[in-house]
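Per-entry structural report
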Amino acid sequence: IVTHGIYTLPDTARYFGSHLRATDKVVILTGSSLPIDGITMSDGGFNLGFAVAQVDLLPPGIHICRNGRIYTASEVAALLNQGRLTSVFRGEV
């Protein structure tokens, strides 16, 4: 599990997908809109917990787990103006 900022998370997922040699491993990237800082409200704890819960359930490959959704490296896009990720295949709004 790799924690990462969401702005370049899709780029890193695609980079990992094309450069990592181990194809039999589950790699999960996750991040939050607001960094975890003391008692500040953040989605980081939920996203990290969701990623941990998915490690044994997902097939080998590069995955992004964020806000209760799972994306593949080839489908994810960052909507920077909205501070969220979306799937280019599912037509999420």
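Rules behind the numbers
Residues numbered from 1 in each chain as written. Predicted model: local features only at pLDDT ≥ 70, side-chain atom pairs only at ≥ 80, totals over all residues. Heavy atoms only, no water. pLDDT = per-residue confidence, 0-100. Helix = DSSP H or I, 4+ residues; strand = E, 2+ residues; numbered from the N terminus. Pairing = 2+ DSSP bridges. Contact = heavy atoms within 4.5 Å. Axes fitted to C-alpha atoms, helices over the stretch in contact; angles between N-to-C directions. Buried < 20%, exposed > 50% of the residue type's maximum accessible area, 1.4 Å probe, protein only.

Section: the confidence of the model for the protein chain
On average, residues of the protein chain score 85 in pLDDT, and 89% of them are at 70 or above. The lowest-confidence element of the protein chain is strand S6 (residues 84-87), averaging 81 in pLDDT; the highest-confidence one is strand S2 (residues 26-30), averaging 95.

Regarding unusual backbone geometry
Positive phi outside glycine occurs at Asn-67, with the angle close to 55°. With respect to the helices and strands, the residue Asn-67 is situated in the loop between strand S3 (61-66) and strand S4 (69-72).

Notes on the sheet that holds strand S1 (residues 2-3)
With mixed pairing, four strands are arranged side by side in an open sheet as S1-S2-S3-S4. What marks the edges here is a single partner per strand, and that holds for S1 and S4. Both S1 and S2 contribute to a ladder of two bridges, which runs parallel. Its bridge partner being in S2, Val-2 is matched across the sheet by Leu-29. In the packing of helix H1 (residues 9-19) onto the sheet, contacts are made with S1, S2 and S3, and the angle to S2 comes to roughly 165°. Helix-sheet contacts for helix H2 (residues 44-54) involve S1, S2, S3 and S4, and the interaxial angle to S3 is about 145°.

Some points on the pairing of S4
Note that S3 and S4 share four bridges and pair antiparallel. Within S4, the position partnered with His-63 by the bridge is Thr-72. Hairpin connection of S3 to S4: two residues between the antiparallel strands, including Asn-67 at a positive phi of 55°.

Quick notes on the environment of Val-76
Its place among the elements puts Val-76 in strand S5 (residues 76-79). You can call Val-76 buried: its relative accessible area is 3%. On a C-alpha basis, the gap between Val-76 and Thr-86 in space is 5.7 Å, while along the polypeptide they are ten residues apart. Not counting residues within four places of it along the chain, the set of residues in contact with Val-76 comprises Pro-10, Arg-14, Ile-64, Tyr-71, Leu-85 and Thr-86.

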